[in-house]
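Report on the structure
Read off the chains here:
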Amino acid sequence: MPTKRTENSQLKKRIQAFRDRQATAAVIGLGYVGLPLLMEFARAGYPVIGFDIDPKKIKQLKAGKSYFHHIPSERVKEALATGRFDCTTDFARLGEADAISICVPTPLNKYREPDLSYVEQTTRAVAATLRRGQLVILESTTYPGTTDELVLPLLEAGGLKVGRDFYLAFSPEREDPGNPSFTTRTIPKVIGGYTPACKRLTEAFYGEVFERVVAVSSTRAAELTKLLENIFRSVNIALVNEMKVLGHRMDIDIFEVIDAAKTKPFGFMPFYPGPGLGGHCIPIDPFYLTWKAREYEQTTRFIELAGEINTGMPHYVVQRTVEALSDRGKKIKGAKVLVLGVAYKKDIDDVRESPAVKVVELLRQRGIRVSYHDPYVPVYPRGRKGDLGLSSRKLTAGLLRSADAVLILTDHSCIDYQWVLDHASLIIDTRNATSALRRRGKKVVKA
């Protein structure tokens, strides 16, 4: 049994190895969270190994190509040129890593309950090669207790002891793809270690990668921190979505109201309505906490109400579209609607949980013929839930004129909305993209 002095000496050596870049950093799951994290490890000077079950991703990275619009291929080529960048589908190589960051999906099942199968399978793979001195960090968003109750027992099953033989922490991802103001490195990194030694080693490692590390008292506190961030956004977006619907009834433009309210220098933070929630975080993460809260006989009414309002927005958008077509004497069945933007937010190619899927589905149920244009999403299906079976159409004056309505779901900056307005007969604007345009007249309907 090692003494406390021996444990502290071993910990100091491991901390120094990270500072000297003599430790190998690995990331499991090279998606929207994992790939940026891997690139930051490489930028910081660590030897890195990326792991993913998709051989296509691995092949592209090895060829120096990025599969995300917001990560230039030049960054991948620069990392490869160092000779310290590798990626693989061979999970037997996890034993080569000194630090392993787990960035796998945490979706909901059909009953809107947490699906931790990816986390469990990945943890079992890590446990199969776990060795003394390794640091394991879970980054996947989940409910408080996942690291302690699911991950830890699987890792300790082979006989190694956390805080002595290996180290365990939780650090929630805070990615915001397409946001030019913040990068993976500049966003403060929250970490929670299972033991004080776990916390110290994680702080030392991530402190070499991120500009600021914020340590909390436990893995559970770190897990809840991420959920609070997203629930805060979900509740406030639901509020402005509800205000938008009320504003329509009262003939008041909610975007004008928000712009006026945000001039108050204190006590107000602007959130903006839209056609529904998208991305992996806000539509999904709050329900991880509502599920866990039942274990404590606690209801989460704000969270559940916000979810109801936000998931109802695609229905409101379709209702407004149908009303606008009817007001202009258009037959609904067979009407042509051109959707502008199917990504879940502007200027990125991310379609995870995009409200466009539900909007298109509801329009088709009404017999409406739907096409779309999105410069970031050339083909939809994307090999995932919610395939539309469509390809992006080239945006031409003829296409705009042939549509009975143009429905703006994502306000990409590269689209000339004045030109769209000049050629379209009717625009349904869910993003306030047309507010500053000339000659709007009665062409534009807010939704």
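This text follows the structure it describes.
Here's what I pulled together on the structure shown here. (Residues numbered from 1 in each chain as written. Predicted model: local features only at pLDDT ≥ 70, side-chain atom pairs only at ≥ 80, totals over all residues. Heavy atoms only, no water.)

1. Some words on the sheet that holds strand E14 (residues 427-429)
Strand order in the open sheet made by the five strands is E10-E9-E13-E14-E15, with parallel pairing throughout. The outermost strands of the open sheet, each flanked by one partner alone, are strand E10 (369-373) and strand E15 (444-446). Taking the axes of each pair of neighbouring strands and ignoring which way they run, one obtains an average angle of 25 degrees across the sheet. Alignment of E14 against E15, held across three bridges, turns out to be parallel. Among the inter-strand pairings, Ile-427 is bridged to a residue of E15, identified as Val-444. Each of strand E9 (336-340), E10 and strand E13 (405-408) touches helix H13 (residues 355-365); the most contacted strand, E10, lies at about 155 degrees to it. (Pairing = 2+ DSSP bridges. Helix = DSSP H or I, 4+ residues; strand = E, 2+ residues; numbered from the N terminus. Axes fitted to C-alpha atoms, helices over the stretch in contact; angles between N-to-C directions. Contact = heavy atoms within 4.5 Å.)

2. Some points on the nonpolar core
Core analysis: the largest hydrophobic core is formed by 80 residues, its most contacted members being Ile-28, Phe-41, Val-126 and Phe-205. Those residues in contact with Val-126 that lie beyond four places of it in its chain are Ile-28, Leu-94, Ile-100, Ile-102, Val-136 and Leu-155. Judged by nonpolar contacts, the second largest core, of 33 residues, contains Ile-332, Val-339, Tyr-376 and Ala-447. (Core = buried A, V, L, I, M, F, W, Y, C linked by side-chain atoms within 4.5 Å. Buried < 20%, exposed > 50% of the residue type's maximum accessible area, 1.4 Å probe, protein only.)

3. So, the sheet that holds strand E3 (residues 85-88)
Taken in spatial order, the eight strands of this open sheet run E3-E2-E1-E4-E5-E6-E7-E8, and their pairing is mixed. This sheet does not close on itself; its edge strands, each paired only once, are E3 and strand E8 (213-216). If you compare each strand with its neighbour and ignore which way they point, the axes differ by 25 degrees on average. Here strand E1 (residues 25-28) pairs with strand E4 (residues 99-102) via four bridges, running parallel. Paired with Val-27 across the strands is Ser-101, a residue of E4. Sheet strands touched by helix H3 (residues 55-62): strand E2 (48-51) and E3. Its angle to E3, the strand with the most contacts, is close to 160 degrees.

4. Examining the layout of surface pockets
One number sums up the size of the second largest pocket: a volume of about 350 Å³. Lining of the second largest pocket is provided by 15 residues; of these, His-248, Asp-251, Arg-320, Val-445 and Lys-446 occupy positions nearest its centre. For the lining of the second largest pocket, the secondary structure elements donating two or more residues are helix H8 (219-249), helix H9 (254-261), helix H12 (313-327) and E15. (1 Å grid on protein atoms, 1.4 Å probe; cavity = no way out; pocket = protein on both sides within 12 Å on 5 of 7 lines; lining within 4 Å. Points joined across faces, edges and corners; volume = space filled by probe spheres on them.)

5. A word on the pairing of E1
Burial along E1 is two-sided: the residues Ala-25 and Val-27 and Ala-26 and Ile-28 are all buried. With four bridges joining them, E1 and E2 adopt parallel strand pairing. Counted as the bridge partner of Ala-25 is Val-48 from E2. Read as a crossover between parallel neighbours, the route from E1 over helix H2 (residues 34-43) to E2 is right-handed. (Right-handed = clockwise from strand over helix to strand, strands pointing away.)

6. With respect to the packing of aromatic side chains
Applying the stated criterion to the full structure yields 13 aromatic pairs. Seen from their ring centres, Tyr-67 and Phe-68 are 4.9 Å apart, and the 70 degrees between their planes marks the pair as edge-to-face. In this pair, the class of Tyr-67 matches that of Phe-68, namely buried. Of the aromatic side chains, those joined through ring pairs into one cluster are Phe-18, Phe-41, Tyr-46, Phe-205, Tyr-206 and Phe-210. Residue placement shows Arg-21 over the ring face of Tyr-46; its charged tip is 4.9 Å from the ring centre. (Phe/Tyr/Trp six-rings, centres within 6.5 Å; stacked < 30°, edge-to-face > 60°. Lys NZ or Arg CZ within 6 Å of the ring centre and 35° of its normal.)

7. Let's talk about the environment of Arg-19
Mapped onto the fold, Arg-19 is located in helix H1 (residues 4-19). Here Arg-19 falls in the partly exposed class, since its relative accessible area comes to 46%. Sequence separation between Arg-19 and Ile-137 is 118 residues; the distance between their C-alpha atoms is 18 Å.

8. So, the environment of Leu-227
Inspection of the secondary structure assignment puts Leu-227 in helix H8. Linking Leu-227 and Gly-133, residues 94 residues apart in sequence, is a C-alpha distance of 30 Å. The contacts of Leu-227, once residues within four sequence positions are left out, are Thr-141, Thr-142, Tyr-143, Pro-144, Asp-285, Tyr-288 and Leu-289.

9. Quick notes on a nonpolar patch on the surface
Together, Leu-239, Met-243, Leu-246, Met-250, Ile-252 and Val-257 line one region of the surface with nonpolar side chains, adding up to about 520 Å² of accessible area. In terms of residue count, the dominant contributor to the nonpolar patch is H8 (three residues). Residue placement: Met-243 occurs in helix H8. (Patch = residues over 30% accessible without salt bridge, like charges linked within 9 Å, V, L, I, M, F, W, Y side chains within 5 Å. Areas by Shrake-Rupley, 256 points an atom, 1.4 Å probe, with all protein chains shown as cover. Salt bridge = Lys/Arg side-chain N within 4 Å of Asp/Glu carboxyl O.)

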